[in-house]
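Structural features, examined
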Amino acid sequence: MRTNESSQSAQPASAVSRREFLAASSAALLAGTLAPISSGAVESPIAPKLALNGGEKAVKQLSKLPIRWGEPERERLNAMLDQDSLFYWKGPQTTLLIERFKKVCPVKYVMPCSSGTAAMHIAVAAAGIGPGDEVITSPVTDIGTVIGVIYQQGVPVFADLGASTYNLDPAAVERRITPRTKAIIAVHLCGNPCDLRALKVIAAKHGLVLIEDAAQAWGAKYRGQPIGTIGHFACFSLQNSKHITCGDGGLVGSNDERFGPLLQKFGDKGFDRVKGGLFESFATNYRMSEPQAAVAAAQLERLEGIINKRARLGNLLTEKIAGLPGLLPHQVHPEDRCGYWFYFFRMQRSAFRCDRAEFVKALAAEGAEVSAGYIPVPLHRNPVFMKHSFFEGRWPVREFGLTTMDYSKHQTPEAEAILQTGIRVTIHEAMTEDYIGSVAEAIRKVARHYVA
Ligand SMILES: *Cc1c(COP(=O)(O)O)cnc(C)c1O
């Protein structure tokens, strides 16, 4: 997951490029103020030659890499080194992290933990997911979304997605509900909020727990409300590729009086640090430590700037590629804020004379930071699911008759299509609006070239 990385080197930009000249002359040509370029011209001014075929690149500058950490993180780490304990419980860095997290995601109960996967596992355990319980979620996500479900002997059930939001389609979720369904995990893919109102209605109607996987959705807002505050649980990741990071880490939160008080013990070997006493529940050790909390607390101060910028750039890209025949921009509700962990658009295969690989190759040649797809296949198309081989080749809940789930027969056609036709564009906070403009130009140029 290399959204915030780039291996490109610097390259000088010429004063007036051939592309700019051609763009200007084609505009003049359309306005009828300039005679057509004589027959000797190597390329048409209206359809500039692709960089792939030796033409001028649409993206002339390279995006600067963001500087992701520095003095504020160093200050917190220095303060941490003066402490006599680096343990999380009542640690000053952890306390500060929780305080700052609550400003971003106002929930009463928070447990910092070792990863986003850990945050999900704690939520699932605190929600009371047990053997054979079904949890409906997206098949297009990080596998960390469902690892905790499987370890609790629950059964992930994958529902299909919105064609351009890449998030759970509420109608598809409803079709997957059975008497065994206990929870829905709403994954806000790329930081784009799910249709939480609809999912909440379904959850209430069937008595289900709603867990928000906000690992990619730091700083996102659903109809103005902070992401993570609408479901029963909010789960975030601080892994290196995410918007903010401490290398690896996570946070799980809840406002619900039934679940919130359970978060701490389900991340801390089942030990209740408030009440003490004997072990009444069973859990693993997912504790964060003070060094991670120090970095994460400093990172949270950067969040608003990062998300504000990414939201602006992603929305700008949509504006600039909207209406191009055969392309489906990343669909975000106008009242929501998406932090574009990456930007994802789709091409309609029949609208073009080339396949996705060729399209992506042409875009990359133009200088755009793009790649084909996201994860290679929906989660349940991976061998470990197809063979139901989670625990040393076995899956106890299936062997014991607690589920009849057969992932080799599970169908999510829109999810498959999204992964086969999606093109991923890197967006990060060090990019400028001009730069995104040139990326849009590259997309327009390549789309026009290949349009059927
Ligand atoms: C990254 C991610 C996770 C897992 O987080 P880790 O910190 O890598 O364990 C879970 N869900 C989604 C949607 C993610 O992007």
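Quick look at the structure, then.

Criteria and cut-off values
Residues numbered from 1 in each chain as written. Predicted model: local features only at pLDDT ≥ 70, side-chain atom pairs only at ≥ 80, totals over all residues. Heavy atoms only, no water. Phe/Tyr/Trp six-rings, centres within 6.5 Å; stacked < 30°, edge-to-face > 60°. Buried < 20%, exposed > 50% of the residue type's maximum accessible area, 1.4 Å probe, protein only. Lys NZ or Arg CZ within 6 Å of the ring centre and 35° of its normal. Pairing = 2+ DSSP bridges. Helix = DSSP H or I, 4+ residues; strand = E, 2+ residues; numbered from the N terminus. Axes fitted to C-alpha atoms, helices over the stretch in contact; angles between N-to-C directions. Near = heavy atom within 4 Å. Polar contact = N/O pair within 3.5 Å; in protein donor to acceptor, adjacent residues only side chain to side chain. Areas by Shrake-Rupley, 256 points an atom, 1.4 Å probe, with all protein chains shown as cover. Nonpolar A, V, L, I, M, F, W, Y, C, P; charged D, E, K, R; others polar. Left-handed = near helix turned anticlockwise from the far one by under 90°. Contact = heavy atoms within 4.5 Å.

1. Considering the packing of aromatic side chains
- Tallied over the entire structure, the rule returns 22 aromatic pairs.
- Aromatic pair F271 and F279: ring centres 6.1 Å apart, planes at 65 degrees, arrangement edge-to-face.
- An angle of 20 degrees between the planes, with centres 5.6 Å apart, marks the rings of Y340 and Y343 as stacked.
- Overall, Y340 belongs to the buried group, its relative accessible area being 0%.
- An aromatic cluster is built from F158, F385, F390, W395 and Y407, whose rings are joined through pairwise contacts.
- It is K242 that lies over the ring of W341; its NZ or CZ is 5.5 Å from the centre.
- Against the face of F342 rests R424, its NZ or CZ located 4.2 Å from the ring centre.

2. A few points about the sheet that holds strand β4 (residues 181–187)
- Strand order in the open sheet made by the seven strands is β1-β9-β8-β5-β4-β2-β3, with mixed pairing throughout. Strands with a single pairing partner mark the edges of an open sheet, and in this sheet they are β1 (109–113) and β3 (155–158). Here the strands of the sheet are splayed against their neighbours by 20 degrees on average, with no regard to which way each runs.
- As paired elements, strand β2 (residues 134–137) and β4 share three bridges and run parallel to each other. Within β4, the position partnered with I136 by the bridge is I184.

3. Observations concerning the site of the ligand
- Around the ligand, the structure places 13 residues, and the nearest of them are G116, T117, D213, S237 and K242.
- K242 has a polar side-chain atom sitting 3.0 Å from an oxygen atom of the ligand.
- Protein coverage of the free-state accessible area of the ligand, which is 380 Å², stands at 94%.
- Of the residues in the shell around the ligand, the class split is two nonpolar, eight polar and three charged.

4. Structural notes on the packing of helix α3 (residues 92–104) against helix α9 (residues 290–300)
- For the pair α3 and α9, the least separation of the axes is 8 Å and the interaxial angle reads 35 degrees. Between α3 and α9 the crossing geometry is left-handed. Touching P92, Q93, T94, L96, L97, R100, F101 and V104 of α3 are E290, A293, A294, A296, A297, A298 and L300, all from α9.
- Residue classes in the contact of α3 with α9 are distributed as 11 nonpolar, two polar and two charged.

5. Digging into α9
- In terms of residue burial, α9 counts as a mostly covered element, since 10 of its 11 residues are buried.
- Every buried residue of α9 is listed here: E290, Q292, A293, A294, V295, A296, A297, A298, Q299 and L300.
- Those residues of α9 hidden inside the fold are in contact with α2 (71–81), α3 and α10 (303–321).

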